[in-house]
Amino acid sequence: MSGTSLDGLDIALCNVAGSGTRTKVVINKFITIPYSDDIRKRILHIFAKPNIEFKSLSELNAWLAITHGNMILSALKKWKVKPSNVDIIASHGQTVFHAPMAITPGVSVNSTLQIGDGDHIAVTTGIITLSDFRQKHIAAGGEGAPLAVYGDYLLFSKKNEDRIMLNIGGIGNFTYLPGSLKRDKVFVTDTGPGNTMIDQAMRSFFKGKTFDKDAEIALSGTVNEDLLSELKKDRFFELPFPKTTGPEQFNLNYLNKARKGRSIAKEDIIATLTRFSADTIAAAINLPQRINRKRSF
């Protein structure tokens, strides 16, 4: 899969055995193949934008799938594994738009779109491919994200130990796993921005930089408390769990509205956005009781 961070394609070669809570997964190999500037540029041309050219979307859906297929083949070659020895590929695809009703004005149903057509991956690799997972989740009444809850529940639950599985990608999200092992107590939710606003600001303010490596820029700046306060005012943070969001909501336009025309040093902006992500993740983890049971796992 590739997330909203747009950093590359994560590829894992796994052995899966058993079923239900007896499922066992062994990760034999893992690699992240970075996106080139050209790949990232093509995705950003349509990524999280309300108005795009259908031609660009249609072309990218096929082109990115072929690209992903070739990345998979290159990983298998590196690992000296024949494609014929792989039973199946599970491909999440590249999210390009996410529009849950709770945070998207003017829509009447939850929707989301991932590109990287599974049929093209299958033909490119010669391996049966499962894809388009989020549509099943939406059809069943969910918002299409986060999707890791089933795997987290089956693989990482532990009796008498409450656990939180936190993922900080473009968007932050976590799975809550109760020590009681009761399925109706399990839930997964987005927390708000993870890296997406930081990365967007880095691309905008620091030419040639796509992310803040080792937080070097953030550490050189100072958190602007007024800006931080404005960033935290969005109604998303008051919605009950589970909830989802994306770069469609948390982006440079959101940042500019919060700045209110104030001149703030670019290093301070990066520092503040970093604190914004950290604070909202921590706040979400400290409020697990705010759950909408009708929408939980």
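These figures come from a predicted structure and were not determined experimentally. (Residues numbered from 1 in each chain as written. Predicted model: local features only at pLDDT ≥ 70, side-chain atom pairs only at ≥ 80, totals over all residues. Heavy atoms only, no water.)

(A) Representation of the pattern of salt bridges in the model. All chains considered together, the criterion is met by 7 salt bridges. D38 is paired through a salt bridge with R42; the nearest N and O atoms lie 3.5 Å apart. Here R42 and D38 lie together in helix α1 (residues 37-44), a separation of 4 residues that amounts to about one turn. One salt bridge in this structure joins E230 and K260, with 3.3 Å as the shortest N-O distance. Residue E230 is found in helix α8 (residues 225-231), and its partner K260 is found in the loop between α9 (252-259) and α10 (266-285); the two are separated by 30 residues along the sequence. (Salt bridge = Lys/Arg side-chain N within 4 Å of Asp/Glu carboxyl O. Helix = DSSP H or I, 4+ residues; strand = E, 2+ residues; numbered from the N terminus.)

(B) Layout of the packing of helix α6 (residues 196-205) against α10. Put simply, α6 and α10 touch, their axes get as near as 9 Å, and they point 170° apart. Classified by the angle between their axes, α6 and α10 sit roughly antiparallel to one another. Side by side, α6 and α10 meet where M197, I198, A201, M202 and F205 of the first sit next to K266, I269, I270, L273, T274, F276 and S277 of the second. (Axes fitted to C-alpha atoms, helices over the stretch in contact; angles between N-to-C directions. Parallel < 35°, antiparallel > 145°, perpendicular 65-115°, else oblique. Contact = heavy atoms within 4.5 Å.)

(C) Molecular detail of the sheet that holds strand β8 (residues 171-177). What the 3 strands build is an open sheet, ordered β7-β8-β9; its pairing is antiparallel. Of all strands in the sheet, those bounded by a partner on one side alone are β7 (163-168) and β9 (187-193). Within this sheet the neighbouring strands show an average axis-to-axis angle of 20°, counted without direction. Direction of pairing for β7 relative to β8: antiparallel, over a ladder of 6 bridges. Bridge pairing in β8 links L166 to F174. Relative to β8, helix α5 (residues 149-156) is tilted by about 40°, and along the sheet it contacts β7, β8 and β9. Packed on one face of the sheet, α10 meets β7, β8 and β9 and runs near 155° to β9. (Pairing = 2+ DSSP bridges.)

(D) Fine view of the nonpolar core. I11, I43, M71, L76, W79 and I115 are the most contacted members of the largest nonpolar core, which totals 27 residues. Counting only elements with at least two residues in this core, the list comes to β1 (8-17), β2 (24-34), α1 and α2 (54-79). Sorting elements by how many residues they give to this core places α2 first, with 9 residues. With residues up to four places along the chain from it excluded, the contact list for L76 reads L13, V81, P83, V86 and I127. Grouped together as the second largest cluster of nonpolar side chains are 23 residues, A218, L227, L239 and F276 included. (Core = buried A, V, L, I, M, F, W, Y, C linked by side-chain atoms within 4.5 Å. Buried < 20%, exposed > 50% of the residue type's maximum accessible area, 1.4 Å probe, protein only.)

(E) Unusual backbone geometry, seen in detail. Note that the residue after A145, namely P146, is joined by a cis bond; omega there is -20°. Along the chain, P146 falls in the loop between α4 (133-139) and α5. The phi torsion at K80 lies on the positive side, around 60°, for a residue other than glycine. Take K80: its relative accessible area is 78%, and that puts it in the exposed class. Even without being a glycine, D214 presents a positive backbone phi close to 55°. Considering the arrangement of structural elements, one finds D214 in the loop between α6 and α7 (216-220).

(F) View of the side chain of Q200. Relative to the elements of secondary structure, Q200 occurs in helix α6. In this structure Q200 comes out as buried when scored by relative accessible area, which is 13%.

(G) Layout of α2. Its 26 residues place the ends of α2 38 Å apart at the C-alpha level, agreeing with the 38 Å of an ideal helix rising 1.5 Å per residue. Just beyond α2, the residue with positive phi is K80, at close to 60°. (Expected span 1.5 Å × (residues − 1).)

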